[in-house]
Amino acid sequence: MQSGGARRARFPTAARGHQLATLVILVTVAALSGCGGPDGGHSGEAGSPAEADRTRPSVADPTRIPDVAERFQRQIPADSRQVVAVYGDGRDSADSMVVLYTKRGSAWDRTRSWPAHNGKKGWTTDHREGDRRSPIGVFTLTDAGGVLADPGAGLPYTRSADFAAPRWWARSHWHDFDYVIAIDYNRVKGTPPNDPTRPEGDAKGGSIWLHMDHGSGTSACVSLSKPAMEYLLRTLDPNGHPVVVMGDRADLEAW
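First, a word on what this report is: a plain description of the structure on this page.

Conventions used here
Residues numbered from 1 in each chain as written. Predicted model: local features only at pLDDT ≥ 70, side-chain atom pairs only at ≥ 80, totals over all residues. Heavy atoms only, no water. Helix = DSSP H or I, 4+ residues; strand = E, 2+ residues; numbered from the N terminus. Buried < 20%, exposed > 50% of the residue type's maximum accessible area, 1.4 Å probe, protein only. Contact = heavy atoms within 4.5 Å. Areas by Shrake-Rupley, 256 points an atom, 1.4 Å probe, with all protein chains shown as cover. Core = buried A, V, L, I, M, F, W, Y, C linked by side-chain atoms within 4.5 Å. 1 Å grid on protein atoms, 1.4 Å probe; cavity = no way out; pocket = protein on both sides within 12 Å on 5 of 7 lines; lining within 4 Å. Points joined across faces, edges and corners; volume = space filled by probe spheres on them. Polar contact = N/O pair within 3.5 Å; in protein donor to acceptor, adjacent residues only side chain to side chain.

1. What about the overall build of the protein?
A tally of helices and strands in the protein yields four helices and twelve strands. Counting every position in the protein, which comprises 255 residues, the buried fraction comes to 52%. A sequence separation of at least 24 residues applies to 67% of the contacts in the protein between residues at least 6 apart. As displayed, the protein has an accessible area near 11,300 Å², and 52% of this comes from carbon and sulfur atoms.

Printed below as a string of structure tokens:
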């Protein structure tokens, strides 16, 4: 799959042109399969542009991300000043809350929060291709992109029509990838989010993104409203070394 600015090779015959078109379609669908699809089950709405606070984690120690166990706290890089925390409602739930924390001095400030969705079947500590569960863990956020023009992203942004969801998906999913932020799970940092390379192999899944919400669970990604995605794109800063801490509440709190 090529980013929006990549050159495409010319083929001297119509037959070779047809082969190239087929290959591009196959690679595009493979990269998108980790994130969307028309079969995500409905499990609540997540699209309000207003900041949501269904549940507010208690803040006992401002130097720590709330409701996140030490084993995950240790994985947050010392130089990270931005954490996107995804608090899943339950191990088998597709509903979650996304909270952006910004470090000021030694304290983490709760900056914004939004309702969200995760994998249709919930969460897992051993994500596999097609299991429809989002991976639990701490992952860096280094690259962004989408169908739409760059809204002023801090992270490197690749605009390309290759992000577009297949039109044989349900219409409600067509805009899922208008904006995406790659979660660095089984991918090569510094490449467009739709780069198909999976260093740990295809069986471990990949193409796990933050992307726009369609109102129900995903194949493994985390989805938010368009205003939430625009805010994150404009706010996340490579110099802040942003990471995502994600999982269901019970697993995130487990020591």
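2. Focus on the nonpolar core
Core analysis: the largest hydrophobic core is formed by 46 residues, its most contacted members being Ile181, Ile183, Leu224 and Leu232. Elements that contribute at least two residues to this core include exactly strand E1 (82-88), strand E2 (95-104), strand E3 (107-117), strand E6 (137-140), strand E10 (209-212), strand E11 (222-224), helix H3 (226-235) and strand E12 (243-248). Other than its neighbours up to four places away in sequence, Leu232 contacts Val84, Leu100, Trp114, Ile181, Leu210 and Leu224. Counting eight residues, the second-largest nonpolar core is a separate cluster that includes Phe163, Ala165, Phe177 and Cys221.

3. Focus on empty space enclosed by the protein
With the rule as written, the count across this model stands at one cavity of 30 Å³ or more. Taken as a whole, the largest cavity encloses approximately 50 Å³ of empty space. Looking at the largest cavity, the residues that line it are Asn186, Arg187, Pro193, Asp195, Pro196, Thr197, Arg198, Gly206, Ser207 and Trp209.

4. Some words on the environment of Thr197
By the secondary structure assignment, Thr197 is in the loop between strand E9 (180-182) and E10. Once the C-alpha coordinates of Thr197 and Ser207 are considered, the two residues, ten residues apart in sequence, prove to be 9.3 Å apart. Ignoring any residue separated from it by four or fewer positions in sequence, one finds Thr197 in contact with Asn186, Arg187 and Val188. One polar contact links Thr197 to Asp195, side chain to side chain, over a distance of 2.8 Å.

5. Structural notes on unusual backbone geometry
Located in the positive-phi region is Asp67, a residue other than glycine, with phi close to 60°. Looking at where Asp67 falls in the secondary structure, it is placed in the loop between helix H1 (14-32) and helix H2 (70-73). Taking relative accessible area as the criterion, Asp67 reaches 22% and is therefore assigned partly exposed. Phi angles above zero are rare outside glycine, and Arg132 is one such case at about 60°. You can call Arg132 partly exposed: its relative accessible area is 26%.

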